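# Per-entry structural report
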Amino acid sequence: ANATPLVTLPRVQAHRGAKGVRPENTMASLREALDQGVCWTEFDVKLSKDGVPIIYHDQDLKRTSGIDALVKDHSFAELGEFEAGAWFDEKFRGEKIPSLEEFLLFHIEHNLHPNIELKPSDGEEAETSRKVVELLDRVWPKHLDKPLFSSFKLKSLEVVRDLAPDHPRGLLLYDDITGWQENAKRLECSAIHLWHKMYTPELVNEIKQAGYATATYTVNDVDRGVELVAMGVDSIITDFPGDMIAAIGD
Ligand code: G3P
Ligand code: MG
């Protein structure tokens, strides 16, 4: 087996771009994250019907595009027609659902580092990872640090472990951490990304003692961010990266 890759997480990661002030997971939110001074971003990736990795959080298009249909039932070309900005504010009308390729090229150009959350549509846990690895092989420069993969889906992490073992992996957890040790070990994870309300000083210690970096989401209250860092949490994923950086560094 390969050694688990090491990762040094940044203090702050921009959640879905700078989601607090821009429509999430769009080029506008990614540009804003850069302008707010982040070095790392987090965003969600799933597949179009024809297997193109795109940047989108939900399984369906209702919330951001007003369309009562699943993402996985639309081709990349069709998804490209949908509005993705006006729901947030009329002034962002015209924002589109980006491709992962477009997102990655922006990261490369501006020296940003991606935390690629594998957020597959139901039933596409393995295929999503395969397509994302294929794209990275094609576009991500070999001399740059490997993007981090994170996921709630064990299957998605298993596939990236097997196909791209040298990319660090983060195990995402919400409010049930049962079995985290076994899963993180088996999936050769480098980091644990746990919902912030679950962290206690004891748990942070336990996770760090076991050799994992620690990240948390979604923390928009700066005082809470400071508290988590004081507990020993390495990395804060936030909708307002500029404010958090001002408090705890980048
Ligand atoms: O990756 C951290 C966070 O984004 C996980 O939750 O629902 O915002 O993707 P969610
Ligand atoms: Mg996410």
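Residues numbered from 1 in each chain as written. Chains lettered and ligands numbered in written order. Predicted model: local features only at pLDDT ≥ 70, side-chain atom pairs only at ≥ 80, totals over all residues.

## Points about the overall build of the protein chain
The condition is simple: Numbering of helices and strands runs from the N terminus, with a helix taken as a DSSP run of H or I at least four residues long and a strand as a DSSP run of E at least two residues long. Within these notes, the globule rule equals 2.2 Å times the number of residues to the 0.38 power, and the radius of gyration is based on C-alpha atoms. Buried, partly exposed and exposed are defined by the number of other C-beta atoms within 10 Å of a residue's own C-beta, namely 20 or more, between the two limits, and 12 or fewer respectively, with C-beta atoms placed from the backbone.
Counting its regular elements, the protein chain contains ten helices and nine strands. Its C-alpha radius of gyration of 17 Å places the protein chain within 12% of the 18 Å reference for a compact globule of 250 residues. Dimensions of the protein chain, computed from the C-alpha atoms along their principal axes, are close to 50 × 40 × 35 Å. A total of 250 residues make up the protein chain; the buried ones form 46% of that total.

## Quick word on the pairing of strand β1 (residues 12-15)
The condition that has to hold: The criterion for strand pairing is that DSSP finds at least two bridges linking the strands in question. Throughout, right-handed denotes a crossover for which the path from the first strand over the helix to the second runs clockwise when the strands point away from the viewer.
The alternating pattern of β1 places V12 and A14 on one face and Q13 and H15 on the opposite face, and all of these are buried. Taken together, the three bridges between β1 and strand β9 (residues 235-238) define a ladder with parallel strand orientation. Across the sheet, residue Q13 finds its bridge partner in β9, namely I237. The sheet contact formed by β1 and strand β2 (residues 40-47) spans three bridges and is parallel. In the strand pairing of β2, Q13 is matched with W40. This β-α-β element, β1 to helix α1 (residues 27-35) to β2, shows right-handed connectivity.

## Some points on the site of ligand 1
Quick reminder of the rule: Here, nearness is defined through the C-beta atom: a residue counts as near a molecule or strand if that backbone-placed atom lies within 6 Å of it. Amino acid classes used here: Ala, Val, Leu, Ile, Met, Phe, Trp, Tyr, Cys and Pro are nonpolar; Asp, Glu, Lys and Arg are charged; the rest, including Gly, are polar.
As a matter of local geometry, ligand 1 sits amid H15, E42, D44, H57, E117, S150, L172, H193, Y217, T218 and I237. Across the shell around ligand 1, the residue classes break down as three nonpolar, five polar and three charged.

## Notes on the packing of helix α5 (residues 125-139) against helix α6 (residues 154-163)
Operational definition: For helices, the fitted axis covers only the stretch in contact; all axes are lines through C-alpha atoms, and the angles between them, taken along N-to-C directions, range from 0 to 180 degrees. Take the far helix as your reference; a near helix turned counterclockwise from it by less than a right angle gives a left-handed crossing, and one turned clockwise gives a right-handed crossing. Two residues qualify as being in contact provided that their C-beta atoms, derived from the backbone, are within 7 Å of each other.
One can describe the packing of α5 onto α6 by two numbers: an axis separation of 8 Å at closest approach and a directional angle of 35 degrees. Seen along the crossing, α5 lies across α6 with a hand that is right-handed. Within the contact between the two elements, α5 uses E125, A126, T128, S129, R130 and V133 and α6 uses K155, S156, V159, V160 and L163.

## Re the UniProt feature "domain: GP-PDE" (unreviewed entry) in the protein chain
Stated precisely, the cut-off is as follows: UniProt positions are given in the numbering used here, feature names are shortened, and annotations may be inferred rather than shown by experiment.
The positions UniProt marks with the feature "domain: GP-PDE" (unreviewed entry) are residues 10-248. Split by type, residues 10-248 is 36% helix and 18% strand. Its first and last C-alpha atoms lie 11 Å apart.

## Points about the confidence of the model for the protein chain
Note the threshold: As a per-residue quantity, pLDDT reports the predictor's confidence and falls between 0 and 100.
A residue-level look at the protein chain finds 99% of positions with pLDDT of 70 or above and a mean pLDDT of 97. Here the prediction assigns the complex a pTM of 0.98, and the interface score ipTM is 0.99.

## Describing the nonpolar core
Quick reminder of the rule: As used throughout, a nonpolar core is a set of buried Ala, Val, Leu, Ile, Met, Phe, Trp, Tyr and Cys residues joined through C-beta atoms within 7 Å of each other.
Counting 56 residues, the largest nonpolar core has I55 and A191 as the members making the most contacts within it. Setting aside anything within four residues of it in sequence, one finds A191 in contact with V7, L9, P168, G170, Y212, A213, T214 and A215.

## Description of the pairing of strand β4 (residues 113-118)
Counting buried residues in β4 gives five out of six residues, a clear majority hidden from the surface. The pairing of β2 with β4 spans six bridges and is classified as parallel. Considered in β4, the bridge of D44 is made with E117. Relative to strand β5 (residues 148-151), β4 is paired through three bridges, and the arrangement is parallel. Across the sheet, I116 pairs through a bridge with F149, a residue of β5.

## Overview of α6
For α6, the set of buried residues is S156, L157, V159, V160 and R161. On its buried face, α6 is in contact with β4, α5, β5 and β6 (169-173).

## Let's talk about unusual backbone geometry
A positive phi angle, near 55 degrees, is found at N25, a position not held by glycine. Summarising the element assignment, N25 is placed in the loop between β1 and α1. Non-glycine residue E188 carries a positive phi angle of around 50 degrees. Note on placement: E188 falls in the loop between α7 (180-186) and β7 (191-195). Taking the number of C-beta atoms within 10 Å as the measure of exposure, E188 has 19 and is therefore partly exposed.

## So, the packing of helix α4 (residues 100-110) against α5
Stated precisely, the cut-off is as follows: Orientation categories follow fixed angle ranges, with anything under 35 degrees roughly parallel, anything over 145 roughly antiparallel, 65 to 115 roughly perpendicular, and all other angles oblique.
The contact between α4 and α5 brings their axes to 11 Å, and the two run at 40 degrees. In terms of axis orientation, α4 runs oblique to α5. By crossing handedness, the relation of α4 to α5 is classed as right-handed. Residues L100, E101, L104 and L105 of α4 touch α5, and the partners they reach there are V132, L135 and V139.

## Comments concerning the environment of D58
Note that D58 resides in the loop between β3 (53-55) and α2 (62-65). Look at D58 and you get partly exposed, because 17 C-beta atoms sit within 10 Å. Spatially, the C-alpha atom of D58 lies 8.8 Å from that of D44, the residues being 14 residues apart in sequence.

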